[in-house]
Amino acid sequence: MILAIEIGNTYTVLGCIRDSKILFTERVSTKITYTDFEYAVKLKSMFEINGINPEEIEGTIISSVVPPMVEIIKAAVNKLIAKPIKIVGPGLKSGINIKMDNPGAVGADLIANAAGGLKKYKAPLIIVFMGTATTISVIDEKGCYIGGTIMAGLDLSLEALVHHTAQLPQIRLKGTDRVIGHNTVECLQSGTVIGAAASIDGLIERMEKELGVSTTHIITGIHAGKIMPYLKEPAVLDEELSMIGLEAIFYKNK
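Residues numbered from 1 in each chain as written. Predicted model: local features only at pLDDT ≥ 70, side-chain atom pairs only at ≥ 80, totals over all residues. Heavy atoms only, no water.

Draft legend 1. A look at the pattern of salt bridges. Enumeration over the complete set of coordinates arrives at eight salt bridges. Between Glu48 and Lys44 there is a salt bridge, with the nearest N and O atoms lying 2.5 Å from each other. With Glu48 and Lys44 both in helix 1 (residues 36–49) and four residues apart, the pair spans about one turn of that helix. Given the relative accessible area of 53%, Glu48 is considered exposed. In this structure Lys44 comes out as partly exposed when scored by relative accessible area, which is 42%. A salt bridge links Glu186 to Arg178, with the shortest nitrogen-to-oxygen separation between them at 3.0 Å. Take Glu186: its relative accessible area is 16%, and that puts it in the buried class. (Salt bridge = Lys/Arg side-chain N within 4 Å of Asp/Glu carboxyl O. Helix = DSSP H or I, 4+ residues; strand = E, 2+ residues; numbered from the N terminus. Buried < 20%, exposed > 50% of the residue type's maximum accessible area, 1.4 Å probe, protein only.)

Structure below.
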């Protein structure tokens, strides 16, 4: 059993995995102001609530898009688990051939998703990750990471729109039954959620045209479930993708 930790810009996801079975995942806020002790308390509570014995954990793997958080989380883990900690990044084998201008600049979260995608599905793949940012990663038929797109995530888009306008209200992020909104709230819901789905559909269509092949489409991340019903392009909803990817990377480096 391993502990996998994914540090995102807004949330940090923690989970235990045994033989590709996820025993639990929990989400906490990513706060640079929290101390390692505060995160250790949260982690200890997670173990207790989910019936996990920390002594059975053989190691930890961390992916992070917030570099200053890595040392805080490492210190928190070390208070509870005296086992090796691996950090996704340069020097750690991912099993993925990254064909980008600067391979080292590819986010650890994207690498984890790609590793999970290649473990569970047959390439070529298009992976849509919906977090603070919405990213689309492309894996070609040879299993190489060849690029993708980055755009603002749903929360960020809605927050920016409301913040920079005088009369638009803050709303709860959810879908709507119709594209043509009949009031301001419905218009915002349609524009944010269905608009994002339409954008993803369009990008997938153009990416496949550029590739010249059909791909398997995977959607994951905190907002994936909200978007999935509005996609026209067929897609697999896989909320465990990054965790499975982190497990795969861990054992490649054991």
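Read on, since the account is not over.
Draft legend 2. Region of interest: the sheet that holds strand 11 (residues 236–237). Across the sheet, which stays open at both edges, the six strands sit in the order 6-9-8-7-10-11 with mixed pairing between neighbours. The two strands at the open ends of the sheet, each matched to only one other strand, are strand 6 (97–98) and strand 11. Two elements, strand 10 (residues 216–220) and strand 11, share two bridges in a ladder whose sense is parallel. Each bridged residue has a counterpart across the sheet, and for Ile219 the counterpart in strand 11 is Leu237. Across the sheet, helix 3 (residues 108–120) is in contact with strand 6, strand 7 (125–130), strand 8 (133–139), strand 9 (144–152) and strand 10; its angle to strand 7 comes to roughly 135°. Running over the sheet, helix 5 (residues 184–211) touches strand 7, strand 8, strand 9 and strand 10 and is turned about 155° from strand 9. (Pairing = 2+ DSSP bridges. Contact = heavy atoms within 4.5 Å. Axes fitted to C-alpha atoms, helices over the stretch in contact; angles between N-to-C directions.)

Draft legend 3. Structural view of the sheet that holds strand 1 (residues 2–7). As summarised here, the arrangement of the five strands in space is 3-2-1-4-5, forming an open sheet in which the pairing is mixed. Sheet topology places strand 3 (21–29) and strand 5 (85–87) at the edges, where each strand pairs with a single neighbour. If you compare each strand with its neighbour and ignore which way they point, the axes differ by 20° on average. Direction of pairing for strand 1 relative to strand 2 (residues 11–18): antiparallel, over a ladder of six bridges. Paired with Ile2 across the two strands is Ile17, which belongs to strand 2. The strands touched by helix 1 within the sheet are strand 1, strand 2 and strand 3, with strand 3 carrying the most contacts at an inclination of about 145°. Against the sheet, helix 7 (residues 241–252) engages strand 1, strand 2, strand 3, strand 4 (60–64) and strand 5, with an angle of about 120° to strand 1.

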